[in-house]
Amino acid sequence: MSLVTIQNGVLTAQISTLGAELRSVKDRDGIERMWQGDPNYWTGCAPILFPVAGAFRDDAYMLDGKRYAMPKHGFVRQLEWCVERNGNDAVTFLMEQKHEGFPFAYKLRAHYFLDGPALNVAYEVTNFDARPFYCSFGAHEGYATPEGIEAYSIVFDEEETLRRYKMNGNLLQRTTVAVAGSTRELPLSTALFFHDPLVFRGLKSHGVTLKSKLHERTVRVEFPQHDVLVFWMLPGAEYICIEPWCNAPDFVDADMRIDQKPGFIRLAPHGVATRSHRIIIS
């Protein structure tokens, strides 16, 4: 494992070859905006979720009558990636290792490039197999909240009626619970996360801003290609994850057929799929 640094005079970012995981984003004043990991809570920082975000029912899916085992959040976050291209303000990582649940010939790339106060993140998969496969993408960035979660709120681009899904373990129940109604701002609190992450589907907003009542620093996340948004933290820890996903976790009664699951991309041989999001630091 090693760290690759990119910078542009406004931001400095570091990405690990283990999982191609974003580990640090510092602003021009040297202030760290990413959670740095703590074994007492969560050692991660920003794992890449592929070929599934969240969990399948029974940790498996069916394709063409065959069962494939797949752990929660996929498998590429635990592997060492290759640095394919590296410049001062951009880097591309490559992964093509197979897995028992994803035995296809593919190339997965993670692109990171700086543009002023923004870090652009793009995940790109190419199918080199002779058969189609299905996949999805999810981001899992944890942002530092050193003053404590209660000092922060999430501002949505659009007015939202927020209803979270109840969960049974890693799976969604068919019922939702009201979190807030007709609002653009959600104050964060430890109580929101005592039991489950906040999972939202079908929001009007495709951008949110993390802000604090104690200072003017913000983090904005734009995700125009994602239909699921997850917020997560462990009570007591000083971070909040803002996670744009293409798919939601399976429902408790979900069909195991991956071709029936919303948010999954059917990729034909020689096909390419890309999903991107943008992190703006101010």
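Residues numbered from 1 in each chain as written. Predicted model: local features only at pLDDT ≥ 70, side-chain atom pairs only at ≥ 80, totals over all residues. Heavy atoms only, no water.

Colleague: Residue-level account of the pattern of salt bridges, with values.
Modeller: Scanning the entire structure with this criterion turns up 15 salt bridges. A salt bridge links Glu-84 to Arg-85; the shortest N-O distance between them is 3.6 Å. Among the residues examined, Arg-85 registers a relative accessible area of 46% and is labelled partly exposed. In this structure, Arg-131 engages Asp-129 in a salt bridge whose closest nitrogen and oxygen atoms are separated by 3.2 Å. Linked by salt bridges that have partners in common, Asp-115, Asp-157, Arg-220, Glu-222 and Arg-278 make up one network. (Salt bridge = Lys/Arg side-chain N within 4 Å of Asp/Glu carboxyl O. Buried < 20%, exposed > 50% of the residue type's maximum accessible area, 1.4 Å probe, protein only.)

Colleague: Can you tell me about the sheet that holds strand S14 (residues 152-168), naming the residues and giving the values?
Modeller: As summarised here, the arrangement of the 9 strands in space is S7-S8-S9-S10-S22-S18-S17-S14-S15, forming an open sheet in which the pairing is antiparallel. Strands with a single pairing partner mark the edges of an open sheet, and in this sheet they are strand S7 (82-86) and strand S15 (171-187). Strand after strand, the sheet turns through a mean of 25 degrees between neighbouring axes, direction not considered. (Pairing = 2+ DSSP bridges. Helix = DSSP H or I, 4+ residues; strand = E, 2+ residues; numbered from the N terminus. Axes fitted to C-alpha atoms, helices over the stretch in contact; angles between N-to-C directions.)

Colleague: Please give an account of the side chain of Thr-183 that cites residues and values.
Modeller: Tracing the chain through its elements places Thr-183 in strand S15. Every residue in contact with Thr-183, bar those within four places of it in the chain, is listed here: Glu-158, Glu-159 and Glu-160. (Contact = heavy atoms within 4.5 Å.)

Colleague: Can you explain the state of the cysteines? Please cite residues and give values.
Modeller: For the structure on display, the rule yields 0 disulfides. The thiol of Cys-241 is unpaired, and the distance to the nearest cysteine sulfur, on Cys-45, comes to 8.4 Å. Here Cys-241 falls in the buried class, since its relative accessible area comes to 0%. Cysteine Cys-246 remains unbridged, with the sulfur of Cys-135 as its closest cysteine sulfur at 8.7 Å. Look at Cys-246 and you get buried, because its relative accessible area is 9%. (Disulfide = S-S within 2.5 Å.)

Colleague: How would you explain empty space enclosed by the protein if you had to name every residue and give the values?
Modeller: Under the counting rule described, the total for this entry stands at 2 cavities of 30 Å³ or more. As a volume, the largest cavity reaches approximately 40 Å³. Considering the residues around the largest cavity, the lining is formed by Phe-200, Arg-201, Gly-202, Leu-203, Ser-205, His-206, Phe-223, His-226, Asp-227, Val-228 and Leu-229. Elements that contribute at least two residues to the lining of the largest cavity include exactly strand S16 (198-201) and strand S19 (228-232). Counted by class, the lining of the largest cavity contains 5 nonpolar, 4 polar and 2 charged residues. The volume enclosed by the second largest cavity comes to roughly 30 Å³. Forming the walls of the second largest cavity are Pro-51, Val-52, Phe-56, Tyr-61, Phe-102, Tyr-134, Ile-258 and Phe-264. Grouping the constituent residues of the lining of the second largest cavity by class yields 8 nonpolar, no polar and no charged. (1 Å grid on protein atoms, 1.4 Å probe; cavity = no way out; pocket = protein on both sides within 12 Å on 5 of 7 lines; lining within 4 Å. Points joined across faces, edges and corners; volume = space filled by probe spheres on them. Nonpolar A, V, L, I, M, F, W, Y, C, P; charged D, E, K, R; others polar.)

Colleague: How would you sum up the pairing of strand S9 (residues 106-115)? Please name residues and give values.
Modeller: Among the 10 residues in S9, 7 count as buried, and that is most of the element. Here strand S8 (residues 90-95) runs beside S9; their pairing, made up of 6 bridges, is antiparallel. By the bridge assignment, Thr-92 is partnered in S9 with His-111. Pairing between S9 and strand S10 (residues 118-127): 10 bridges, direction antiparallel. Residue His-111 lies in a different strand from S10, and its bridge partner there is Ala-122. Once S9 ends, the chain turns through 2 residues before running back antiparallel as S10, passing Gly-116 with a positive phi of about 60 degrees.

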